[in-house]
Amino acid sequence: MESVLGRYRNLIVLVGVLFAQVLGLAVQVKRTTPSEPTRLIRIWAIGAVTPLEKALVWTQTSSSNVWHNYFYLRGVRAENRALKAEIERMSLERVRISQDADQARRLQALLGFKEQFISQTMAAQVIGGSGSELSRSVFIDKGNRDGLKPDMAVITADGIVGKVLHVYRTTSEVLLINDQSSGVGAILDQTRLQGILNGTAAGELVLGRVMSDETVPPGEMVLTSGGDSIFPKGLPIGKVTKITPGSDLFLNIHVRPTADLSRLEEVLVVTKIDERQAQPEQSGGARAIDILAARLPSVPSKPENAGKGASPATSAAPGSVAAKTPATTGVGGNGVAGNGAPATGTSTAGTPKAAHPVTPGSDAQSAPKATPPNAGNGAPAARNTPNAKSPAGDSPGLTSPNRASATTPSPKPVNPQADRKPQPDSPDTPH
Amino acid sequence: MAITYTSGEQVEVYRFSIPATVLIPLAAIFLQAFVPLRFPFFLIFDLPLLVTIGFATARRNPLAGLLTGGLIGIMQDALTHQPIGLYGISKTVVGFGASSLGIKLDVENAGARFLITIFFFAVHEVVYFLIARGLVGLRMAWSWPHELLSGVANALLGVLVFMLLDRVKQRT
């Protein structure tokens, strides 16, 4: 007997080790439930690997910041000019959109419609991955110490990324939307068809549960439907690339994600979602003519007119710009972008480019650390705008920039061009 | 390129220092998790597998080979969200096989290492596929071109990894 054991010792050990692992695997497969505690070996492995990853990412980010902040300043003026021109263009665009939004809010209020708003986010740095093609997940540098919980949505400025799967003390594992075990409620932007978006083993995204008699054009945007209770409605997911016939009279709609899931660096974790009933705007929105008036060159007002606030037509124009421009960025300060950016000081992620509702007046969890208390009202952002010194923009406690323009008189001479003159990079300066 | 069939007495048996035994697999697992974030193509490599094969063929001890492979695999499993044991079982088999083959074959030259790595990469993938599909019920996609490309890429990298391991291994 001993000779047999000695002769086949290696084989017996192999069989024993394999048997133990298969048994362990079977137990895990059978007992997998969402409330199951994380295994100790997983905590050890993550504890061994993630500190090194964090240190490496920190070093990389620091050196990159040094480079970008001190050495790589070439082209900043040109970029500044281009950005200012972009702000002007977007101000006009915003007028159109805000009127649509006002109309939508009025209709929603009439219907007693409740909508979800992202009211708190937390910026996080991606520090590592699973290292396996069959497990599409990443690790971020925030954990339960920072208030993260499983099933929180993870997004970037470009679109949704995934959800928090496991939370450890200082790190969390995020399951990406292209993992085969992931599922997201989705809706097609134009056709309004709803389906379930799943990942595949090859890491692709496929929207299923759409009947085969429907017509879906390639290139159509896919948004979150909010039906999964994880992602708020309206966040961008991706674009339709091709449509193939699926099983059981359903289509397989292949989707290319708008967020680059293979090169994630910074993400935003949605830590709080509010559900509110839509309220119609009390005051009228800014008019496109006001924006245009602000852009046109005009004769500076006389000093005596300045104290009286000049003519109503011209006073409204800069007032609306002064308040409106902070609103564009100020909402970000309250909402997704502003919540994220100050938290680490490195994040550049912002609100996903969707018609996604952002809550004016909601508080950023991390904003007070890096910005003044009135940051959410757009004040710091206003410093970058031509009329930044206008009291309308700095007025604390504003809930609606449009209201600010309507109620706060502008004590300054009301010529936006005059304000812009000292700035050599202004887009209105003749070149 | 010669794979010489030798007796157990003729082949050299090596060992690794404790720091090397601990740190090299950890470094491989770390790189496997970190590098693909910056260079997504790196996902076709399986650095922990190469270290498993390298350790196993140098030590030429099936017990040490299967235990090293099992531990590295379980550690790798722990970083994924899949059940623990998928990589563990695959690498246990590879560790045992590579060390058993190491007793029989001289695997000191680059050509032999290239072929052995391709072979054990295939074994690893087949075992993983069968377990993931049969035991865990994962939806697996098998692509011959992808597996072939991965096998060759891993074998090329394996030759380099084994050369690095040669520098830290000690003759018994």
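The structure under discussion appears in the preceding block.
Note that the structure is predicted; figures quoted are calculated from it, not measured.

What counts, and at which threshold
- Residues numbered from 1 in each chain as written.
- Chains lettered and ligands numbered in written order.
- Predicted model: local features only at pLDDT ≥ 70, side-chain atom pairs only at ≥ 80, totals over all residues.
- Helix = DSSP H or I, 4+ residues; strand = E, 2+ residues; numbered from the N terminus.
- Buried ≥ 20, exposed ≤ 12 C-beta atoms within 10 Å, placed from the backbone.
- Contact = placed C-beta atoms within 7 Å.
- Pairing = 2+ DSSP bridges.
- Axes fitted to C-alpha atoms, helices over the stretch in contact; angles between N-to-C directions.
- Parallel < 35°, antiparallel > 145°, perpendicular 65-115°, else oblique.
- Left-handed = near helix turned anticlockwise from the far one by under 90°.
- Nonpolar A, V, L, I, M, F, W, Y, C, P; charged D, E, K, R; others polar.
- Expected span 1.5 Å × (residues − 1).

### Re the overall build of chain B
In terms of regular secondary structure, chain B is built from six helices and two strands. Each helix (α) and strand (β) of chain B, taken in turn from the N terminus, gives the series β-α-α-α-α-α-α-β. When each of the 172 residues of chain B is scored for burial, the buried share is 47%. In chain B, once contacts between residues fewer than 6 apart in sequence are set aside, the share between residues at least 24 apart is 71%.

### Observations regarding the overall build of chain A
A tally of regular secondary structure across chain A gives 13 helices and twelve strands. For chain A, the proportion of contacts with a sequence separation of at least 24, taken over those separated by at least 6, is 67%.

### Section: the pairing of strand β2 (residues 137-140) of chain A
Residue and element names in this part refer to chain A. Neither face of β2 is left uncovered, since the one carrying Ser137 and Phe139 and the one carrying Val138 and Ile140 both have all their residues buried. Alignment of β2 against strand β5 (residues 172-176), held across four bridges, turns out to be antiparallel. Counted as the bridge partner of Val138 is Val174 from β5.

### Observations regarding the packing of helix α4 (residues 86-104) of chain B against helix α5 (residues 110-136) of chain B
Residues and elements named next belong to chain B. Running from N to C, α4 and α5 point in directions that differ by 150 degrees, and their axes come no closer than 9 Å. As judged from the angle between their axes, α4 and α5 are roughly antiparallel. Here the hand of the crossing between α4 and α5 comes out right-handed. In this structure, α4 uses Leu86, Ile89, Ser90, Lys91, Val93, Val94, Gly97, Ala98 and Leu101 to contact α5, whose residues at the interface are Ile116, Phe120, Val123, His124, Val127, Tyr128, Ile131, Ala132 and Val136. The residue inventory of the contact of α4 with α5, partitioned by class, reads 14 nonpolar, three polar and one charged.

### Some thoughts on helix α2 (residues 47-59) of chain B
Here α2 of chain B spans 18 Å end to end across 13 residues, near enough to the 18 Å set by a 1.5 Å rise per residue. Phi turns positive, to about 60 degrees, at Arg60 of chain B, one or two residues after α2 of chain B.

### Let's talk about the sheet that holds strand β10 (residues 236-245) of chain A
All names here are of chain A. Sheet architecture is closed into a barrel: six strands sit in the order β6-β7-β8-β11-β10-β9, paired in antiparallel fashion. Averaged over all neighbouring strand pairs, the angle between strand axes comes to 45 degrees, with direction disregarded. Sheet analysis places β10 next to strand β11 (residues 250-257), joined by seven bridges and oriented antiparallel. By the bridge assignment for β11, Val240 is matched with Val255.

### Section: the packing of α2 of chain B against helix α6 (residues 144-168) of chain B
Residue and element names in this part refer to chain B. Where α2 contacts α6, the axes come no closer than 9 Å and their chain directions differ by 50 degrees. As judged from the angle between their axes, α2 and α6 are oblique. Here α2 runs over α6; the crossing is right-handed. Along the contact surface, α2 presents Leu50, Val51, Ile53, Gly54 and Ala58, while α6 presents Asn154, Leu157, Gly158, Val161, Phe162 and Leu165. Considered class by class, the residues forming the contact of α2 with α6 number eight nonpolar, three polar and no charged.

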